[in-house]
Every structure is written in C-alpha cells, then in structure tokens.
Amino acid sequence: MAPTPEPVHTTPAKKGRRLPARRSTPLTIAMLAALAYFLLPLFWLLIASTKSTQDLFNSFGLWFSHAPQLLTNVKETFTQDDGVFVHWLLNTVMYAVVSALGAALLAAAGGYGFAKFRFRGHRAAFNLVLGAVMVPTTALAIPTYLLFAKAGLVNTPWAVILPSLVNPFGLYLMRIYAQDAVPDSILEAARIDGAGEVRIFFRIALRLLGPGLVTVLLFTLVATWNNYFLPLIMLNDPNLYPITVGLSSWAAQAQNGGAGAGSDMLALVVTGSLISVLPLVVAFLLLQRYWQSGLATGGVKQ
C-alpha cells in the first residue's frame, strides 16, 4: 500500500492586514504648497482685520501690529453709514438662501425628470443643458438686464434671485445622481400603490436625492453669495446691495478719499470681507458630510 502523503499545512492569510504606508516627499511638498496657496489669503485677511489703515501699510502683512483692534474695526464696520453693512449682509443672506433653495429644488426636479422619464426630444434637451454649462454667466448679464428692464424688475431683489435659479450644472449633476440614487423598483411599487408622479417625487425621490440636493444647494449658495457683476448692473439702490457690491463701493470711497493711509475706509473694507467669509465657512462645516457624499454618489456604480 502506498504511503499516505502528509497533509500540507498552510498558514491562513491574515485578514484585514494593512499595507505599509508609503510616503512621497514630492507629493507632500506639493500638498503643503497647495494648502498654503488656499489658506494664506485667508490668514492675511484675518491678520489685516486686526489693523488700522495706517498699520496696513506700515506693518508686516502676515503678522499682527503692535496695537490690534479687531473689535474696534468690527464695531465701526457695523455702524458705518448708519449701519448699512447690516442691510448688505441681510440682503446677501436673502439672495443666497432663496436662490440656493429654489435652484436646488428646480435642479432636483429637472434631473429626476431626465433620469427617470423618456420623452420626445429627451436627448436634444439634455444636450442643450450640457451646452448651457459652457456659457459663462457674465456673457448673459447684459441680455438679462435688458429682459428684466422690459419687465420692470430692475432694481428689485427679483433681479438677483430669478437669474440665480437657473443652474445648468446643478441640473446635470442631479441627473447623474438620480440615475443611481433612485431605484426604478421603488418608483414602480409606488405607482402600483396608486401614488401620483408629484407625490412620488416629493415623498420618495426627493428624500433619496438629499445628498445631491445639498451639493447643488452649496454650489448655488457660494455662487450667489460671491456674485458681483449681476447685482452691480441690476441694482441702483445702496439699501439693496449685497456685500460684494457694497464693499466695492466702500473701496471706491477709500481710493477717492485719500488713496491709502489717509482713508479709514480701507480697514472697514478688509474687516467687512472677513465677516462676509464666515457664514460660508459655517455652512460648509455644517453641511460637509452631505456635500461629500453627494459628490461621491453617482460617480461610482453600485
């Protein structure tokens, strides 16, 4: 009888074994350079907001002066011209929030429609949306002004809000997101149960589109908050100005009133710029989790 071969004992592979970390010096240097590129202007703005106009020109730009006066600058910013900065801030919040909510809802409805329905001219209409993404908004500012002038909407809040509701990139993003985030089986089950299309969208699809909706909302919020050219040509009343146009008018006063160290307006412009950045930072920190998941979903097949 042939001898029985001895069993071969194999060492089981360790589960969850991590690969050794690999470090790249050039990549680290590149990341630090990119970090400095994005954070250095914000750091300068924070430092400059603690200085007087004279210290802005006479002290080192990336460090504090001998007599920091951040609280004084903030107080003077809010009280200058009978507190007009507060009006600008409230106007900006209204324009940005209303535009972001409306644009996100319209983009979600349009993206859902393109993703889940087929109709005559479907491909041509979506190609038109893709083409609109390539059109710069500044190229549409003058035609938009002429159109709103005919409708009598110039120098009203609607002149800023209505154009901001149109977001071709947001519609494209929501179409890609809805393609995978909203299963067809759930929609068919809802239709079998007798739910109408409007109810399906608001009760089912809109909840599944939440992360993508937040992504579009954030993009539109930032774009409207930082919009300068459209409010500049649409608004004539300083009480309707957003922060961008209002601070620009203060900067013009600083240049015309002394050009440099002799004008106190320049310190207010810098401090107002810092204050205008803070709400966006808070919004991104609060909605960061939804924003990141909204960018990831739709780019990876489930």
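This text follows the structure it describes.
The structure presented is a predicted model; accordingly, all values stated were derived computationally and were not measured.

## Comments concerning the packing of aromatic side chains
For the coordinates displayed, the defined rule picks out 12 aromatic pairs. A ring pair is formed by F78 and F85, whose centres lie 5.4 Å apart and whose planes are at 85 degrees; its orientation type is edge-to-face. Residue F78 is classed as partly exposed on the basis of its relative accessible area of 29%. Taken together through their ring pairs, the aromatic side chains of F78, F85, W88 and W250 make up a single cluster. When the ring centre of F126 is taken as reference, the NZ or CZ atom of R175 above it lies at 4.8 Å.

## Examining the nonpolar core
One finds Y112, L209 and W250 to be the most contacted residues of the largest nonpolar core, which totals 55 residues. Looking at which element gives the most residues to this core, the answer is helix α4 (residues 84–116), with 12 residues. Look past the residues within four positions of Y112 in its chain and what remains in contact with it is F117, A178, V182, L187, R191, E197, I200, F201, A205 and L209.

## Thoughts on the environment of S65
With respect to the helices, strands and loops of the structure, S65 is situated in the loop between α2 (53–58) and α3 (70–79). Taking C-alpha positions, S65 is 7.9 Å from T50, a pair spaced 15 residues apart along the chain. Other than its neighbours up to four places away in sequence, S65 contacts T50, K51, D55 and S59.

## Points about the side chain of T144
Relative to the helices and strands, T144 resides in helix α6 (residues 141–151). Classification of T144 by relative accessible area gives buried; the value is 17%. Residues within four places of T144 in sequence aside, it is in contact with P163 and M234.

## Digging into the side chain of S276
Tracing the backbone shows S276 in helix α14 (residues 265–296). For S276, a relative accessible area of 11% gives the class buried. Excluding residues within four positions of it along the chain, S276 makes contact with W225 and I243.

## So, unusual backbone geometry
Notably, D81 is not glycine yet its phi reads approximately 55 degrees, a positive angle. For D81, the position within the fold is in the loop between α3 and α4. Overall, the relative accessible area of 40% leaves D81 in the partly exposed class. You will see that D82, though not glycine, has its phi angle at about 60 degrees, which is positive. For D82, the location among the structural elements is in the loop between α3 and α4. Residue classification places D82 among the exposed positions, given a relative accessible area of 79%.

Definitions and cut-offs
Residues numbered from 1 in each chain as written. Predicted model: local features only at pLDDT ≥ 70, side-chain atom pairs only at ≥ 80, totals over all residues. Heavy atoms only, no water. Phe/Tyr/Trp six-rings, centres within 6.5 Å; stacked < 30°, edge-to-face > 60°. Buried < 20%, exposed > 50% of the residue type's maximum accessible area, 1.4 Å probe, protein only. Lys NZ or Arg CZ within 6 Å of the ring centre and 35° of its normal. Core = buried A, V, L, I, M, F, W, Y, C linked by side-chain atoms within 4.5 Å. Helix = DSSP H or I, 4+ residues; strand = E, 2+ residues; numbered from the N terminus. Contact = heavy atoms within 4.5 Å.

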